[in-house]
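# Structural characterization, general
Here is what each chain is made of, one letter per residue.
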Amino acid sequence: MSAPLRIAVLASGRGSNFAALLAARERGELSVEFVLVASDKADAPVLQLAQSAGIPTTVLNPREYTDRRAYDFALFDRIGASKPDLLVLAGFMRIIDGEALKPWAGRMINIHPSLLPKYRGLHTHRRALKAGDLEHGASVHYVTAELDGGPVIAQAALTIEAGDDENTLATRLLPLEHQLLPAVVALIATGRLALDDEGIQLDNEPLRKPLRWQKGILAP
Ligand code: GAR
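Residues numbered from 1 in each chain as written. Predicted model: local features only at pLDDT ≥ 70, side-chain atom pairs only at ≥ 80, totals over all residues. Heavy atoms only, no water.

### Description of the side chain of S16
The following threshold applies: Helix and strand assignments follow DSSP, with helices taken as H or I runs no shorter than four residues and strands as E runs no shorter than two, numbered in order from the N terminus. Only protein chains enter the accessibility calculation, which uses a 1.4 Å probe; a residue is then buried when its area is under 20% of its type maximum, exposed when over 50%, and partly exposed in between. Any pair of nitrogen or oxygen atoms within 3.5 Å is treated as a polar contact; in protein, a donor-acceptor pairing is required on top of that, and neighbouring residues in sequence qualify only through side-chain atoms on both sides. Contacts were defined at the residue level, with two residues in contact if any of their heavy atoms lie within 4.5 Å.
Among the structural elements, S16 can be located in helix α1 (residues 16-26). Judged by relative accessible area, S16 falls into the buried class, the value being 17%. Side chain to side chain, S16 and H178 meet in a polar contact 2.8 Å long. Apart from the residues lying within four places of it in its own chain, the contact partners of S16 are L174 and H178.

As structure tokens, then:
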């Protein structure tokens, strides 16, 4: 049996998506090793979660660096030292410098609370409501230099109900995120999913459109 996939998580806040990864691992659904949780915020609750689980943490404060690029190179240097196979952005609320992430191309994924390519950036729930969308959701994608613009691996969707507001949408979407992210990580951990020069490959076939989280599985 090959060694478990080594994962570093980057997160800025609450860490519920990280907790979902931990829980999936506990249930035996993810054969991975969490080698580091890195944050830009010293008081991020995600750090407590990691420490309670015995996972190493590190914090780099952006204010201590001259600019974004200097920060990002320092951050990825620190992360690289723990030799991860995969970087998972789980609520990491910073834009990453394109040069700094180049060495991680194909080895970094992000969860974003919209049905990409809709609503890159912030306030996704508000924007979906304002646009009168009937459907909203979350996406897991490979990270490229383009903000929230990398190839989308999988999505989970929900119907927007009359009376939904930003809070109700976020609250109903979060449990879907918690299923979607571990399911995608499991595909990578089992070697079924990868990104190469041709795009996303699933079971050695090009993935022509994002997978959908439906009835508890990732479906084509
Ligand atoms: C999640 O909803 C995630 O999709 C979003 O931040 C939240 C983090 O929650 N990510 C982004 O907006 C990235 N642009 P968590 O800290 O509880 O996992």
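### Thoughts on the packing of α1 against helix α6 (residues 166-189)
We count it as follows: Simply put, an axis is a line fit to the C-alpha atoms, just over the touching stretch for a helix, and the angle between two N-to-C directions goes from 0 to 180 degrees. Note on angle classes: values under 35 degrees are labelled roughly parallel, values over 145 roughly antiparallel, values of 65 to 115 roughly perpendicular, and the remainder oblique. Less than a right angle of anticlockwise turn of the near helix away from the far helix marks a crossing as left-handed, whereas a clockwise turn marks it as right-handed.
Two elements in contact, α1 and α6, have axes whose closest approach is 9 Å; the angle formed by their N-to-C orientations is 55°. Classified by the angle their axes make, α1 and α6 are oblique. As α1 packs across α6, the resulting crossing turns out to be right-handed. Note on element contacts: α6 touches α1 through L174, E177, H178, L181, P182 and V185, opposite S16, N17, A20, L21 and A24.

### Comments concerning the packing of aromatic side chains
Rule in force here: Stacked, tilted and edge-to-face are the three classes applied to pairs of Phe, Tyr and Trp rings, where Trp contributes its six-membered ring and a pair requires centres within 6.5 Å; stacked means planes under 30 degrees apart, edge-to-face means over 60, and tilted covers the rest.
Inspection of the entire model under this criterion finds 3 aromatic pairs. On the numbers, 5.7 Å between centres and 85° between planes, the contact of F18 with F34 is edge-to-face. Separated by 16 residues along the polypeptide, F18 in helix α1 and F34 in strand β2 (residues 32-39) bring together distant segments of the chain. The same class applies to F18 and to F34, which are both buried.

### Things to note about the packing of α1 against helix α2 (residues 45-52)
Here is the rule we go by: Note on residue classes: Ala, Val, Leu, Ile, Met, Phe, Trp, Tyr, Cys and Pro are nonpolar, Asp, Glu, Lys and Arg are charged, and everything else, Gly too, is polar.
Interaxial distance between α1 and α2 falls to 9 Å at its minimum, and their mutual angle equals 20°. Taken together, the axes of α1 and α2 are roughly parallel relative to one another. Between α1 and α2 the crossing geometry is left-handed. Across from F18, A19 and L22 in α1, the residues of α2 making contact are V46, L49 and A50. Here the contact of α1 with α2 is composed, by residue class, of 6 nonpolar, no polar and no charged.

### Here we look at α2
Rules: Arc definition: directions from the helix axis to the C-beta atoms.
For α2, the complete set of buried residues consists of V46, L47 and A50. End-on view of α2: buried residues confined to an arc of 100°, all on one side of the axis. Exposed and oriented more than 90 degrees from the buried face of α2 are Q48 and S52. Buried residues belonging to α2 abut α1, β2 and β3 (57-59). Two residues or fewer past α2, G54 is found with a positive phi of approximately 75°.

### A few points about the pairing of strand β6 (residues 135-142)
Rules: When DSSP finds at least two bridges between two strands, those strands are taken to pair.
Buried residues dominate β6, accounting for 7 of its 8 residues. Sheet topology places strand β5 (residues 108-112) next to β6; 4 bridges connect them, and they run antiparallel. Residue pairing across strands places I109 opposite Y142, the latter belonging to β6. Of the pairings in the sheet, the one linking β6 to strand β7 (residues 152-159) comprises 7 bridges and is antiparallel in character.

### So, helix α3 (residues 68-80)
The criterion, for reference: For a helix, the expected span equals 1.5 Å multiplied by the number of residues minus one.
Under the 1.5 Å per step criterion, the end-to-end length of α3 is 18 Å for 13 residues, consistent within 8% with the ideal 18 Å. For α3, the set of buried residues is Y71, D72, L75, F76 and I79. Down the axis, α3 shows its buried residues gathered within 120° of arc, on one side only. Lining the buried residues of α3 we find β1 (5-10), β2, β4 (86-89), α4 (98-101) and β5.

### Observations regarding the site of the ligand
Here is the rule: Definition of nearness: a residue and a molecule or strand are near each other if at least one heavy atom of the residue lies within 4 Å of the molecule or strand. Accessible surface is estimated by sampling points in the Shrake-Rupley manner with a 1.4 Å probe; for residues, cover comes only from the protein chains shown.
Every residue lining the ligand is accounted for by R14, G15, S16, N17, G91, M93, I111, H112, P113 and E177. The contact in question runs from an oxygen atom of the ligand to an N or O atom on the side chain of S16, over 2.5 Å. The fraction of the free accessible surface of the ligand (450 Å²) that becomes covered by protein chains is 87%. Only α1 and β5 provide two or more residues apiece to the shell around the ligand. For the shell around the ligand, the residue count by class is 3 nonpolar, 5 polar and 2 charged.

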